[in-house]
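Coordinate inspection notes
Here is how the chains run, residue by residue.
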Amino acid sequence: MSGRITPYALFLGCTTPTQVIQYELSSRWVCEQLGIELVDINDFVCCGINQINLSREAGLLLAAMNLAQAERKGLDILTLCAACTGALAEAIEQLKDQATRTRVNRKLQAIGLEYTGGIRVKHISRVLYEDVGLDSIEQKVQRDLSKLQVAPHYGCHYLMPESAFDGFDDPDNPKTLHQLISATGACPVQYETLNLCCGGKSFPISRELAFSLIQTKLDNLTHKKIDTLVVQCQTCYLMYEDQQKVINRHYRKDYSVPVLLFPQLLGLALGGDPKKDLGLHLNGIALHNLLFKAGLHARL
Amino acid sequence: MSQNNKSKEPIHISNLDVKFRLEVTSHQEASALNACFSCGTCTAGCPISEFFPEYSPKKLAKMVKLGMRQSVLRNPFIWYCTTCRSCDQHCPQNVKFFNILNVLKNMAVKEGYAPSPWVEQTRQIMKTGLVVPQDEHLAEKRADFSLPALKNDGIQAKKLLELTGIDKIIKAGNER
């Protein structure tokens, strides 16, 4: 892609800026390197996805509030979390219905906001794929990651509900993250449990359930002998990385599958400082083998 | 797959609420339940059903159709869904079970079954706009990495949420 990339409002969500700041750090850094201007909006709130459980109207209102904040600034939204992406994109779809929009706007009026439509929500990986482009990324690669075998994990809400993503990628047979990984120079690995959910939204209700889902994928990945799993959502990250350690303690397992957030992998390829720019030292599973294969001998 | 022994008990017609199905399908996003022909594609692809056969979208849909109101709304498994949308994605009838489940959860909440994690999160949004609590340690950590301070006070979100009556659910503390 040539020409200037339109600026985006950065939607951090709840968990990234509080519990997985390396995702925010590395995302901001790669965006800067690739000419994606990000605007912070302090008035953004939770996307509302979990509030749907209690009240669908409450969930929709929170999403609409965020859309209206971005619209007021005349910006499209760039998300980091897959679930925020799905929730906001689905809200845009629901608010295309005139009656729904009128009802929601009557409530938004109470806080001085209005949503009229016309803004878009894109996950950072989609912005990298569509606005920056694979060729452009390849041209900027400075480190050789060709020795890395990388398993992608898309995150359910990144592409579903399918109707909210206007034909971008195929939820049943997704390719775009594989292609982005290839663009960094690393080798994407195909594996059986590619589309298995991380269980993040069940975790607060049943840890046991989430652990079953996580272990199924970790077993598969351990067997595949990959160098790292790459995720593009902080909830998926917390499930596969933080809970991997909990599972090891709890069930006396010895999983050691490194987990990177995609901007961390891309940042490595672009020559970023592993600690200062990408926050790799905040990841809990040992990364020294991976860094060694990337030609980095630095201790984290 | 293990069988739920309770399913072998006969269903007593006198215990069924014939209006339940109409109540559910009166919500526009759940109206497609009428198109369900119980093929079970939703359940075949459901990652939750794989590990917890007690959770079955197909079975829940059938129970709603039969009018098993209390068995559905008091069923703890309706909260197990991980929202992956696989059921919606693969349904040949475009039933959108995820939407039906949300309608059911919202009805259960009104009857006093609101799981505490979701109640707590909503309470937190009203304080800071986000579901995760923040402390000084986080503010320092963010500053160390030159990340901008988080400034939302949650006032707008609180005002908006109060318009939906969700605050009353929280106050009532109707936790299971």
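Think of each chain on its own: its residues are numbered from 1, step by step along the sequence as written. Lettering of chains starts at A and numbering of ligands starts at 1, both following the order in which they are written. Where local features are concerned, this predicted model is filtered to residues with pLDDT of at least 70; where side-chain atom pairs are given and counted, the filter is 80 or more; whole-chain, interface and lining totals use all residues.

Looking at the overall build of chain B
For chain B, the count of helices and strands is 11 helices and 0 strands. Secondary structure elements are taken from DSSP: a helix is a run of H or I of four residues or more, a strand is a run of E of two residues or more, and numbering for both begins at the N terminus. Counted from the first residue to the last, chain B has its helices and strands arranged as α-α-α-α-α-α-α-α-α-α-α. Put simply, the radius of gyration uses C-alpha atoms, and a globule should come to 2.2 Å times the residue count raised to 0.38. On C-alpha atoms alone, chain B measures out to a radius of gyration of 20 Å, which is more than a quarter above the 16 Å that the 2.2 N^0.38 rule sets for 176 residues. Overall size of chain B, expressed as C-alpha extent along the three principal axes, is 60 × 30 × 30 Å.

As for the nonpolar core
One finds A64, L88 and L265 of chain A to be the most contacted residues of the largest nonpolar core, which totals 151 residues. The element contributing the most residues to this core is helix 3 (residues 56-72) of chain A, with 10 residues. By our criterion, buried Ala, Val, Leu, Ile, Met, Phe, Trp, Tyr and Cys residues that link up through C-beta atoms within 7 Å make up a nonpolar core. A residue is called partly exposed when the number of other C-beta atoms within 10 Å of its own lies between 12 and 20, exposed at 12 or fewer, and buried at 20 or more, with C-beta atoms placed from the backbone.

Digging into the packing of helix 8 (residues 116-128) of chain B against helix 10 (residues 155-162) of chain B
Residues and elements named next belong to chain B. At a minimum axis distance of 5 Å, the contact between helix 8 and helix 10 shows a crossing angle of 130°. For the element pair helix 8 / helix 10, the angle class is oblique. The residues of helix 10 that touch helix 8, namely those facing T122, I125 and M126, are A157, K158 and L161. Tallied by class, residues from the contact of helix 8 with helix 10 come to 4 nonpolar, 1 polar and 1 charged. Here the axes come from fitting lines to C-alpha atoms, over the contacting stretch only for helices, and the angles between their N-to-C directions go from 0 to 180 degrees. Angle categories are assigned with fixed cut-offs, so that under 35 degrees is roughly parallel, over 145 is roughly antiparallel, 65 to 115 is roughly perpendicular, and the rest are oblique. Contact between residues is assigned whenever the C-beta positions, reconstructed from backbone atoms, fall within 7 Å. Any residue that is not Ala, Val, Leu, Ile, Met, Phe, Trp, Tyr, Cys, Pro, Asp, Glu, Lys or Arg is counted as polar, Gly included; the first ten are nonpolar and the last four charged.

Points about the domain arrangement of chain B
An automatic or database domain assignment supplies the residue ranges for each domain. Assigned domains of chain B: these are domain 1 (13-110) and domain 2 (116-172). Taken over C-alpha atoms, the centre of domain 1 of chain B sits 31 Å from the centre of domain 2 of chain B.

Focus: the pairing of strand 5 (residues 149-153) of chain A
Residues and elements named next belong to chain A. For strand 5, the tally of buried residues reaches 4 of 5 residues, placing the bulk of the element in the interior. Direction of pairing for strand 5 relative to strand 6 (residues 187-188): parallel, over a ladder of 2 bridges. Bridge pairing in strand 6 links Q149 to C187. Here, the term right-handed applies to a crossover whose path from the first strand over the helix to the second runs clockwise when the strands point away from the viewer. Handedness of the crossover joining strand 5 and strand 6 through helix 8 (residues 176-183): right-handed. Two strands pair if DSSP finds at least two bridges between them.

Examining the confidence of the model for chain B
Averaged over chain B, the pLDDT score is 91; the fraction of residues at 70 or greater is 94%. Taken over the whole predicted complex, pTM reads 0.95, whereas the ipTM for its chain interfaces reads 0.95. Per-residue confidence from the predictor is reported as pLDDT, a score between 0 and 100.

Some words on the interface of chain A and chain B
The interface is formed by 45 residues belonging to chain A together with 46 residues belonging to chain B. It is helix 3 of chain A that provides the largest number of residues to the side of chain A that touches chain B, a total of 6 residues.

Quick look at helix 6 (residues 124-132) of chain A
Within helix 6 of chain A, 8 of the 9 residues are buried, which leaves the element mostly enclosed by the surrounding structure. G133 of chain A sits one or two positions beyond helix 6 of chain A and adopts a positive phi of about 95°.

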